[in-house]
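# Geometric and topological summary
Chain by chain, the residues run as shown.
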Amino acid sequence: MQPRSVIISVVNNKGGVGKTTTTCNLADALARKGKSVLVLDMDSQCNATSMLLGGERPNANTLFELLDPENTEVSPEQCVYPTFHENLHIIPNIDVTAALEVKLILNLPASFSVLRNNLRDFALKKFDVTIIDNPPNMGTFVICSLYASDFVIVPNDSGSKYSIEGLIRAVEFIKDVSKNANPDLKFLRLLITRLDKRTSISRAIMHQIREIFNPHDVFNTTIPINTTFQQAELHSKTIYKYAPKASGAAAYRKLATELISILENKT
Ligand SMILES: Nc1ncnc2c1ncn2[C@@H]1O[C@H](COP(=O)(O)OP(=O)(O)OP(=O)(O)O)[C@@H](O)[C@H]1O
Ligand SMILES: [Mg+2]
């Protein structure tokens, strides 16, 4: 039986932990495995937009319209752009979307559902997997993403010292949204990124995470530190476009396989 379609948010309130890298490369890996994939760029830094549109700016409708409470004309179909891969599409973002936050805040809590109402039915009908890249906070936009999603992946940088309490709080926050507002939502897994097994800090953090979280809360696949990700980003490309033989490419391929198998059991 085909697993049902899903919407996955990639969330961590800490910056630079690999949210965008995970969103774009996991999406590309899934597309290359035959899934039809939509990426939605919820971050007005627009890094996912840049990576999947090869540095081009969107020239028509974007996520802005889908989040604007005053929009009644533009449908989600009109905000979807093709990418370099036929199975991979994006709803891109533009920097002025950041200014919409004030409008959304003035109309809370109804605004938390704006993305859910505008995106969910369309995305579930048209795509196997939708992945939402989020900004590094737990603000209005991220809550909108959580309201619209089925699952959350939390990437976590194992390359620098970080607060495990912060990570636990982030997971608790996701579980709170699930309990109080969106019963469709489930915390899926933590993803250990930028792992360098040669360094004691990476080993210590991985050990700590495996001790505190139960095995079903952490992907078996880990993402190694690999400078090819930065080079690919500089060229506004995913790792599969830039250097498909890099170790990082193999890691996200493995993650895609693990994710497909988890979803087959859950959906
Ligand atoms: N496994 C990795 N190895 C080496 N560099 C990486 C790896 N993953 C991500 N990077 C690099 O680290 C930087 C931060 O990654 P990324 O932009 O994905 O994080 P982010 O969580 O989306 O950041 P932000 O919170 O600012 O949106 C980028 O320059 C990216 O190329
Ligand atoms: Mg990012």
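The coordinates are above.
### With respect to the environment of Leu 190
As for its position among the elements, Leu 190 is in strand 7 (residues 186-193). With 22 C-beta atoms counted inside 10 Å, the residue Leu 190 sits in the buried group. In sequence terms Leu 190 and Thr 97 are 93 residues apart; their C-alpha atoms lie 28 Å from each other.

### What to know about the pairing of strand 4 (residues 88-91)
It is a general feature of regular strands that their side chains alternate between the two faces of the sheet. Side-chain alternation along strand 4 places Leu 88 and Ile 90 on one buried face and His 89 and Ile 91 on a second face that is also buried. Inspection of the sheet shows strand 2 (residues 37-41) paired to strand 4 by four bridges, in the parallel sense. Considered in strand 4, the bridge of Val 37 is made with Leu 88. Where strand 3 (residues 81-82) folds back onto strand 4 in an antiparallel hairpin, the turn is made up of five residues.

### Considering the nonpolar core
Residues Ile 8, Ala 27, Val 37, Val 39, Ile 131 and Val 152 are the most contacted members of the largest nonpolar core, which totals 72 residues. Not counting residues up to four positions away in its chain, the partners in contact with Val 37 are Ala 27, Leu 30, Ala 31, Asn 87, Leu 88, Phe 127, Asp 128, Val 129 and Ile 131.

Thresholds, definitions, all that
Residues numbered from 1 in each chain as written. Chains lettered and ligands numbered in written order. Predicted model: local features only at pLDDT ≥ 70, side-chain atom pairs only at ≥ 80, totals over all residues. Helix = DSSP H or I, 4+ residues; strand = E, 2+ residues; numbered from the N terminus. Buried ≥ 20, exposed ≤ 12 C-beta atoms within 10 Å, placed from the backbone. Pairing = 2+ DSSP bridges. Core = buried A, V, L, I, M, F, W, Y, C linked by C-beta atoms within 7 Å. Contact = placed C-beta atoms within 7 Å.

By themselves these figures say nothing about function.
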